[in-house]
Amino acid sequence: MRIEKDILGEVQLEDDCLYGINTKRAENNFALEHKKVSSALIQAMVLTKKAAAMTHERLCPEEKAKFQSIVRACDQILSPDFPLERWFVTEALQGGAGTSTNMNVNEVIANLALIDAGYQPGEYQYIHPLDDVNRSQSTNDVYPTALRIAAITEIRKLSDSCAKLQTALQEKENEFQNVKKLGRTEWMDAVEVSLGEEFGSYAQALARDRWRIYKVEERLRQVNIGGTAVGIANGANHKYCFGVIEQLRKLTGFGLAAAEYPMDLTQNNDVFVEVSGLLKALAVNLMKISGDLRIMNSGPKGGFGEIQLAQLQQGSSIMPGKINPVIPEMVMECAMRVIANDTAITMAAAHGELELNAFLPLIADCLLESLTLETKAVNLFREKCIVPLKANERNCRRHLEESYAFATAYIPRLGYDRVSEIVHNYDVREAKEQLENILSKMD
């Protein structure tokens, strides 16, 4: 066992433990057993630490070997086979604006760098988690910068998924363009439409979502790295501030830029609210489309039965043969979670006080969860629901023929009141005959 000390006392750790005293305290303090910090955020933070180390390697040639070990430690963590869940143990929800997660990242990097340099974990006199790994940094610029990088990474995945779903919907629009059916407003019979037109409308909604999500990346490219504690670069010189962003651009491939006013990004989180709002807009469209598909799929005997969704699993433990629309239902649940996350992000962003927002961990957790959930939900929706979906042309035609959808076409010549009276007093077949007879006499 090794003993680490801080101003609060001592903590015992296993000799080979890669995190240190700050992480252990956080693990005990925030023992929610809810969920750990997103791996995407951890990796983005490590990437930010790597950029800082590469910058210091150039600026501090006398310490080149030390920073090279830190860079190699970061590369080790970023490799696909590194056990992130074993060493990054802080809870997603934590007090302190993300300091515990930053400490966790600093300590793991430092101890891996120590091993790389031929020392033992905990021998911080050679490579220190704060003096070296965290040099010229603060949680308050590392955490939000990493969140922006992680969000951009996930936004690109979601935008690509939305593009594929839009294409799948457009293919259904073409496939069903000649399938005539009854259109409905407020659950009541309305006018004739085509099934293809309905899917075309869904595709248009997704096109807007895809464009909005694609464009919102621009709002995340400004970062406050180099601003340190409150955005005025305490403990960081100008050469470092410019150098670390240049390194981050190279490492990420993203068009990152230094914030025009770093204090703004340190204390204000409205950009994350904006991004979340667009994710909510997508969630709303996904929920609407999924709800429509459940209605059109309803039956098989007592419902609309105008489309047939893929039959994926038995739907009841007591009703034989029942098959439920499980994919649209799952998508709706994901959408509800995204909308709930948006509310949490809104509240957390609004509760930033003065120079810092203490609730950034909640914003990060909700935003990254929403991005991941929507990407996976959109992919499954396309693969398991939209692509295999079939039209039931017979039921579409039957509902249309048994409705008064034809009546609207007679209004221009006969007037609303006259047509309405006939529809009210006759069944469908008789009403159509009456209207045709009146027209023939007028001609």
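Caption draft 1: Molecular detail of the overall build of the protein chain. Secondary structure summary: the protein chain contains 17 helices and eight strands in total. Against the 2.2 N^0.38 benchmark of 22 Å for 443 residues, the protein chain shows a C-alpha radius of gyration of 29 Å, more extended than a compact globule. Seen along its three principal axes, the alpha-carbon backbone of the protein chain occupies a region of about 100 × 50 × 35 Å. Taking all 443 residues of the protein chain together, 49% fall into the buried category. Intrachain contacts of the protein chain at a sequence separation of at least 6 include 72% that bridge at least 24 residues. With an accessible surface of roughly 21700 Å², the protein chain has 51% of that area assigned to carbon and sulfur atoms.

Caption draft 2: Main features of the packing of helix 11 (residues 270–297) against helix 13 (residues 360–386). The interhelical angle for the contact between helix 11 and helix 13, taken along N-to-C directions, is 30°, at an axis separation of 11 Å. In terms of axis orientation, helix 11 runs roughly parallel to helix 13. When you trace helix 11 past helix 13, the crossing you get is left-handed. Of helix 13, the residues touching helix 11 (which contributes Phe272, Val275, Ser276, Leu279, Leu282, Ala283, Leu286, Ile289, Ser290 and Leu293) are Leu360, Ile363, Leu367, Ser370, Leu371, Glu374, Val378, Phe381, Cys385 and Ile386.

Caption draft 3: How the structure looks around the layout of surface pockets. Computed from the structure, the largest pocket encloses a volume of approximately 470 Å³. In terms of lining residues, the largest pocket is bounded by 23 residues, among which Asn297, Gly299, Pro300, Gln311 and Ile323 are the most central. Breaking the lining of the largest pocket down by element, the ones donating at least two residues are strand 7 (307–308), helix 12 (326–350) and helix 13. If you tally residues by element for the lining of the largest pocket, the top one is helix 12, at three residues.

Caption draft 4: Focus on the packing of aromatic side chains. Taken as a whole, this structure holds eight aromatic pairs when the rule is applied. Pairwise contacts between aromatic rings join Phe176, Phe199 and Tyr202 into one cluster. Positioned above the aromatic ring of Phe304 is the side chain of Arg184, whose terminal nitrogen or guanidinium carbon lies 3.9 Å from the ring centre.

Caption draft 5: Main features of the side chain of Asp365. Within the secondary structure, Asp365 is located in helix 13. Owing to a relative accessible area of 11%, Asp365 belongs among the buried residues under this scheme. Side-chain polar atoms of Asp365 contact the side chain of Lys35, separated by 3.2 Å. When neighbours within four sequence positions are excluded, Asp365 is seen to be in contact with Lys35, Ala92 and Leu93.

Caption draft 6: Geometry of the nonpolar core. Grouped together as the largest cluster of nonpolar side chains are 104 residues, with contacts concentrated most on Leu293 and Phe381. Per-element tally for this core: the top contributor is helix 7 (residues 139–175), with 14 residues. When sequence neighbours within four positions are dropped, the list of residues in contact with Phe381 reads Leu165, Leu286, Ile289, Ser290, Leu293, Ile327, Val331 and Ile386. Residues Ile422, Val423, Leu435 and Ile438 belong to the second largest nonpolar core, which totals twelve residues.

Caption draft 7: Spotlight on the packing of helix 7 against helix 8 (residues 195–216). The geometry of helix 7 relative to helix 8 is characterised by a closest axis approach of 8 Å and an angle of 165° between their N-to-C directions. Classified by the interaxial angle, the pair formed by helix 7 and helix 8 is roughly antiparallel. As helix 7 packs across helix 8, the resulting crossing turns out to be left-handed. Two secondary-structure elements touch here, helix 7 through Ile155, Leu158, Ser159, Cys162, Ala163, Leu165, Gln166, Leu169, Gln170, Lys172 and Glu173 and helix 8 through Gly196, Phe199, Gly200, Tyr202, Ala203, Leu206, Ala207, Arg210, Ile213, Tyr214 and Val216. Tallied by class, the residues present in the contact of helix 7 with helix 8 amount to 14 nonpolar, five polar and three charged.

Caption draft 8: Helix 16 (residues 416–425), seen in detail. Every buried residue belonging to helix 16 is among Val419, Ile422 and Val423, and all of these are buried. In a view along the axis of helix 16, the buried residues occupy a sector of 100°, so they form one face of it. Exposed side of helix 16, more than 90 degrees from the buried face: Asp417, Glu421, His424 and Asn425 are the residues found there. Elements that come into contact with the buried residues of helix 16 comprise helix 15 (411–414) and helix 17 (428–442).

Caption draft 9: View of the pattern of salt bridges. What the rule picks out here adds up to 32 salt bridges. For Asp132, the salt bridge goes to Arg135, with nearest N and O atoms at 2.9 Å. Salt-bridge contacts for Glu198 lead to Lys181; the nearest nitrogen and oxygen are separated by 3.2 Å. Taken as a pair, Glu198 in helix 8 and Lys181 in strand 3 (residues 180–185) lie far apart in primary sequence, 17 residues in all.

Caption draft 10: Representation of the pairing of strand 3 in the model. Sheet topology note: the strand 3/strand 4 (residues 188–194) ladder contains five bridges and is antiparallel. Of the residues in strand 4, the one forming a bridge with Leu182 is Glu192. Hairpin connection from strand 3 to strand 4: two residues lie between these consecutive antiparallel strands, with Glu186 at a positive phi of about 55°.

Caption draft 11: Region of interest: the side chain of Lys49. For Lys49, the position within the fold is in helix 2 (residues 39–59). Here Lys49 is buried and forms no salt bridge, its nearest opposite-charge partner Asp141 lying at an N-O distance of 7.1 Å. Discounting residues that sit within four places of it in the chain, Lys49 has contacts with Cys74, Asn102, Val105, Asn106, Ile109, Val133, Asn134, Gln137 and Val142.

Caption draft 12: Structural view of unusual backbone geometry. Here Gly299 and Pro300 are connected by a cis peptide whose omega angle stands at 10°. Note on placement: Pro300 falls in the loop between helix 11 and strand 7.

Cut-offs used in this document
Residues numbered from 1 in each chain as written. Predicted model: local features only at pLDDT ≥ 70, side-chain atom pairs only at ≥ 80, totals over all residues. Heavy atoms only, no water. Helix = DSSP H or I, 4+ residues; strand = E, 2+ residues; numbered from the N terminus. Rg over C-alpha atoms; globule rule 2.2 N^0.38 Å. Buried < 20%, exposed > 50% of the residue type's maximum accessible area, 1.4 Å probe, protein only. Contact = heavy atoms within 4.5 Å. Areas by Shrake-Rupley, 256 points an atom, 1.4 Å probe, with all protein chains shown as cover. Axes fitted to C-alpha atoms, helices over the stretch in contact; angles between N-to-C directions. Parallel < 35°, antiparallel > 145°, perpendicular 65-115°, else oblique. Left-handed = near helix turned anticlockwise from the far one by under 90°. 1 Å grid on protein atoms, 1.4 Å probe; cavity = no way out; pocket = protein on both sides within 12 Å on 5 of 7 lines; lining within 4 Å. Points joined across faces, edges and corners; volume = space filled by probe spheres on them. Phe/Tyr/Trp six-rings, centres within 6.5 Å; stacked < 30°, edge-to-face > 60°. Lys NZ or Arg CZ within 6 Å of the ring centre and 35° of its normal. Polar contact = N/O pair within 3.5 Å; in protein donor to acceptor, adjacent residues only side chain to side chain. Core = buried A, V, L, I, M, F, W, Y, C linked by side-chain atoms within 4.5 Å. Nonpolar A, V, L, I, M, F, W, Y, C, P; charged D, E, K, R; others polar. Arc of directions from axis to C-beta. Salt bridge = Lys/Arg side-chain N within 4 Å of Asp/Glu carboxyl O. Pairing = 2+ DSSP bridges. Lys, Arg positive; Asp, Glu negative; His and termini not counted.

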